Structures are given as C-alpha cells and as structure tokens.
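# Descriptive analysis of the structure
What follows is each chain in one-letter form.
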Amino acid sequence: MTDSFAPFLFDQDDPASRGEAHGEQWRAEIRELAEIRAALALKKGSFTDRAQLDAVARLHLPLLDNFSAPLSAELRGIARGADVAPEAVVILNHYTDLRDVPPSVLEGTCPEDPVAEDTFRALNLNADDPGGCTAVYLPGRDAPVLGQTWDMHGTAEPFVRAIRIKPRSGDDEFVCFTLTGCLGMTGVSARGLAVTINNLTSTDGQVGVVWPALVRAMLACASAREARDLLLRTRLSSGHHYMIADGREFYGVETSGKLKVVTQTGARAAHLHTNHCFDPVLRRHEAVPKASTSFRRMELATTLYVQQRPQDARALWTMLSSHDGYPRSVCSHIDDAGGDPSASKTCGRMIVDLTRGEVLVGRGCGQTEPFTVVKLDRWRGANVP
Ligand SMILES: [Zn+2]
C-alpha cells in the first residue's frame, strides 16, 4: 500500500448529503467492513445472534438523534449512500463499544450493574487483544503536538482513510483519521482543537452516544475546555480515554460506560496513555484482556519518550513508529506473530502540530509507510510564537 494518504474531501453543506456522498464513495468497503465488525462483535461480545446485535445497535439511533441532529443525519446519509440499514453503520462506527453493551438492554430495564463483573471477566480475559492505541501529548519546544497510533483488528487496515470535511459555506474545516463508513475516529478542527482516543474495556457498558459522533461534536467545540465539558455531560456506551488539546489547554479524560474522570491536565507537561485506566475507581469497572499489550506499550512509550525527548510532530512520528520489542511494539504487529488476521495491529497514525495547523497522517506500519502532510486550509488556531 504505497498510495498517498491524501484526505478525501467532503465539501457538502448539508450533513445528509455529505453522508450520502460518503456512503456512495465507499459503498463496497462500507458493506464489507460492517460485516467484518458484526462478525467480530458476535465473536467477542455476548450477543446470541445477528438479529440481537442489530436490535442493540438500533437502540443507539434515537439517542444519536437527540444528541446531534446533523451528525445523526450524516450517519443515516452514509447508510443510504452505501445502501445498508442505519444499524449496520452504527455497528461499523460503534463496534468497540458495542462489544461491551450487554443484550439485557433490550429488556428495557437498566440494571445498575448490567453484567456480573465475574461473567464479564470470564468472557473477556481470554479474548484476543481488543486493539489499543498509544496516544501522546507533548508540549514541544515551540509547538504542542498531539498524536496517536490506531491499533485495531488487522483486517480493518484496508478501510483506513483520512477525510477533510470542509463545507462550501462558512469557515468550518475538520481533518479526521477514520474508516470507510465512520464519522471520524480522531481529528483536528480549523479552530485548532484536536482529540485523540484510547479504547478502554469497561464492565458497565450501556446504550450511549455512538462514540465517533461524540468525537465529531467535540471537534466542533470552540475550545478544549468546551469539548471536555461536552464529554463530561454526554451519556456514553463504554470506556475510552480522550486527550483534548487546543494549543493552550490540555485535558485527559478517562471514562467507563457510566463514569468519567479527568485524569490529566496541564498543557506544559507531556502525557502518555494506552488502554488501561489510571484512575483507581475506574479500574474497578474495567477488564483489561489478558492478551492486551497495553501495560507493555505504556512502558515502551515511556522509555522511548525519555530516550528520544521528541519536540515536534516528525519526532513523535518516529517515536510512534518504533519497533522496539517487536511484534508487541508501539507500532504493533501482533497479527504477524500469531497468524490471525483479526489480531491487533497498528493500522495507521495521526499526529497534529497544534500551532501550525499541520497534520501527519498515514496508514499501516510507520517503518515502511511514509506520512502524508496535510495542512488545514482554514486554520485559525494557535500560531507559532
Ligand atoms: Zn510497524
């Protein structure tokens, strides 16, 4: 895969039309990826069959309508464009969270602890590495930088894309790292606000806002603080760690399905995160799978940070492409080790220079695939001093 990773432009003003264009552009890929993720959700979640998974996914649609009519219109537009049911696009977008949502939500009762924690642990501790991500914020010598690897089932790699959402009217612009059919997984706005994500495996999953819609809504906020507050008041499905930065302020927020804790603050310090909770209360609501490389990647990333002291986006790209400890390295290649194509691997990475409006983005292994440099055309974030 040596093609350039230039972002695909969506310039529609109307969210429904934007979604339809997205769905039509990658119809075959969306249909294929929705099936891959439905099969993985059935294998790794506690659903009895596809009908039950579809029903649980459908429960997320009214919540999305209430959360954001434009983002709901865009997601439903993707479904129309790709000629699939909206719940298939929910499964594609929300897969890592859906795995943690118990089918008992269909009964209309919401028990306080929907799945006995022991049952959940038995289900998940033997599961494969659910994927991860290594996220890093660094204050930099003259410019703060925020970036991450995107580690997931290796079968997702062909579906990884960069998109530029730049409506013809107005002055909005977003560059996101995403998958065909997904609203956006990590990204940056022309206002200079960037968000990264680490998946966390929670035992208190529930029906919540489809998480890529939350990422897009956070990116549309005016500041890191506003995005943090939006996150703190939104009903979630399952755990993530969000890094939020705008060149002036930084917040790291850990969540489970039901709880949220600001665990990191301060734009002048470096912050690292992988796929386990730091917060002691949240730890009681998580089940890190035995096969997870999260603790190991945290150690590797900490050592690499101390050794390399990266000061800019290119240096962070090098750090996040490290093969130290291969295949369980920061640029992860676990799928090579066991021969299982659905095992976790680094499928790409995105790094944002928060004072230049410049993004480094690429697919696959950082050692073999070069990054593409993307400039935000309407950048009005912080500037290099
Ligand atoms: Zn690699």
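You'll find the structure just up there.
These numbers come from a predicted model, not from an experiment.

What follows is about the overall build of the chain. What the chain contains, in helices and strands, is 13 helices and 14 strands. Scaling as 2.2 N^0.38, a compact globule of 385 residues should have a C-alpha radius of gyration of about 21 Å, and the chain matches this with 19 Å. In terms of overall dimensions, the chain has a C-alpha envelope of 55 × 45 × 40 Å along the principal axes. For the chain, with 385 residues in total, the buried portion stands at 63%. Considering only contacts within the chain whose residues lie at least 6 apart along the sequence, 68% involve residues at least 24 apart.

Below, the discussion takes up the pattern of salt bridges. For side chains of opposite charge, pairing can occur when their charged atoms come near one another. The tally for this structure, following the rule as stated, stands at 20 salt bridges. A salt bridge links Arg 18 to Glu 74, with the nearest nitrogen and oxygen atoms 2.7 Å apart. With a gap of 56 residues between them, Arg 18 in helix α1 (residues 15–25) and Glu 74 in helix α5 (residues 69–82) connect regions that are remote in the sequence. Judged by relative accessible area, which is 4%, Glu 74 ranks as buried. We note a salt bridge from Asp 377 to Arg 164, for which the minimum N-O separation is 3.6 Å. Taken together, the positions of Asp 377 in the segment after β14 (372–375) and Arg 164 in strand β4 (residues 160–165) put the pair 213 residues apart, joining distant regions of the chain. What makes Arg 164 buried here is its relative accessible area of 13%. By sharing partners, the salt bridges in this structure join Arg 164, Lys 166, Glu 173 and Asp 377 into a single network.

Within the largest apolar cluster, 89 residues are counted, with the highest numbers of intra-cluster contacts made by Leu 179, Val 188, Met 218, Tyr 242 and Ile 244. Both domain 1 (12–125) and domain 2 (135–375) contribute no fewer than three residues apiece to this core. Val 145, Leu 304, Tyr 305 and Ala 313 belong to the second-largest nonpolar core, a separate cluster that totals 17 residues.

The next thing to look at is the packing of helix α2 (residues 27–44) against helix α6 (residues 86–98). One way to put it is that α2 packs onto α6 with a least axis distance of 9 Å and a crossing angle of 65°. The orientation of α2 relative to α6 falls into the category roughly perpendicular. When you trace α2 past α6, the crossing you get is left-handed. Here α2 contributes Ile 30, Leu 33, Ala 34, Arg 37, Ala 38, Leu 40, Ala 41 and Lys 44 to the contact with α6, which in turn contributes Ala 88, Ile 91, Leu 92 and Tyr 95. A per-class count over the contact of α2 with α6 returns 10 nonpolar, no polar and two charged.

Here we come to the layout of surface pockets. Roughly 240 Å³ of volume is contained in the largest pocket. Along its surface, the largest pocket is lined by 13 residues, and Pro 70, Leu 71, Phe 174, Arg 216 and Ala 220 are the ones closest to its centre. It is α5 that contributes the most residues to the lining of the largest pocket, three residues altogether. Residue composition of the lining of the largest pocket, grouped by class: eight nonpolar, one polar and four charged. Counted as a void, the second largest pocket has a volume near 160 Å³. Lining the second largest pocket are 13 residues, and of these Pro 139, Gly 140, Pro 144, Gly 247 and Ala 267 sit closest to its centre. Taken together, the residues of the lining of the second largest pocket sort by class into six nonpolar, three polar and four charged.

Further remarks concern the sheet that holds strand β13 (residues 358–363). Pairing in this open sheet of six strands is antiparallel, and the strands run β11-β2-β3-β12-β13-β14 from one edge to the other. Looking at which strands have only one partner, the edges of the open sheet turn out to be β11 (271–273) and β14. Between one strand axis and the next, the sheet turns through 15° on average, direction left out of account.

This part covers the pairing of β13. Of all six residues that make up β13, six are buried, and the element is covered over most of its length. Of the two faces of β13, both are covered, the one formed by Glu 358, Leu 360 and Gly 362 as well as the one formed by Val 359, Val 361 and Arg 363. Bridge count between strand β12 (residues 344–353) and β13: six bridges; the pairing is antiparallel. Bridge pairing in β13 links Ile 351 to Leu 360. Remark: four residues form the turn of the hairpin made by β12 and β13, two consecutive strands paired antiparallel; Gly 357 in that turn has positive phi of roughly 60°. For β13 and β14, the ladder comprises four bridges, and the chain directions are antiparallel. Within the sheet, the bridge partner assigned to Leu 360 lies in β14 and is Val 373.

Moving on: the packing of helix α8 (residues 211–219) against helix α9 (residues 224–233). Direction vectors running N to C along α8 and α9 enclose 150°, while the axes themselves pass 9 Å from each other. Relative to α9, the element α8 is oriented roughly antiparallel. The interaxial crossing formed by α8 with α9 has right-handed handedness. Residue-level inspection shows Leu 214, Ala 217 and Met 218 of α8 in contact with α9, the latter providing Ala 227, Leu 230 and Leu 231. Of the residues in the contact of α8 with α9, the class split is six nonpolar, no polar and no charged.

Analysis parameters
Residues numbered from 1 in each chain as written. Predicted model: local features only at pLDDT ≥ 70, side-chain atom pairs only at ≥ 80, totals over all residues. Heavy atoms only, no water. Helix = DSSP H or I, 4+ residues; strand = E, 2+ residues; numbered from the N terminus. Rg over C-alpha atoms; globule rule 2.2 N^0.38 Å. Buried < 20%, exposed > 50% of the residue type's maximum accessible area, 1.4 Å probe, protein only. Contact = heavy atoms within 4.5 Å. Salt bridge = Lys/Arg side-chain N within 4 Å of Asp/Glu carboxyl O. Core = buried A, V, L, I, M, F, W, Y, C linked by side-chain atoms within 4.5 Å. Domains from an automatic or database assignment. Axes fitted to C-alpha atoms, helices over the stretch in contact; angles between N-to-C directions. Parallel < 35°, antiparallel > 145°, perpendicular 65-115°, else oblique. Left-handed = near helix turned anticlockwise from the far one by under 90°. Nonpolar A, V, L, I, M, F, W, Y, C, P; charged D, E, K, R; others polar. 1 Å grid on protein atoms, 1.4 Å probe; cavity = no way out; pocket = protein on both sides within 12 Å on 5 of 7 lines; lining within 4 Å. Points joined across faces, edges and corners; volume = space filled by probe spheres on them. Pairing = 2+ DSSP bridges.

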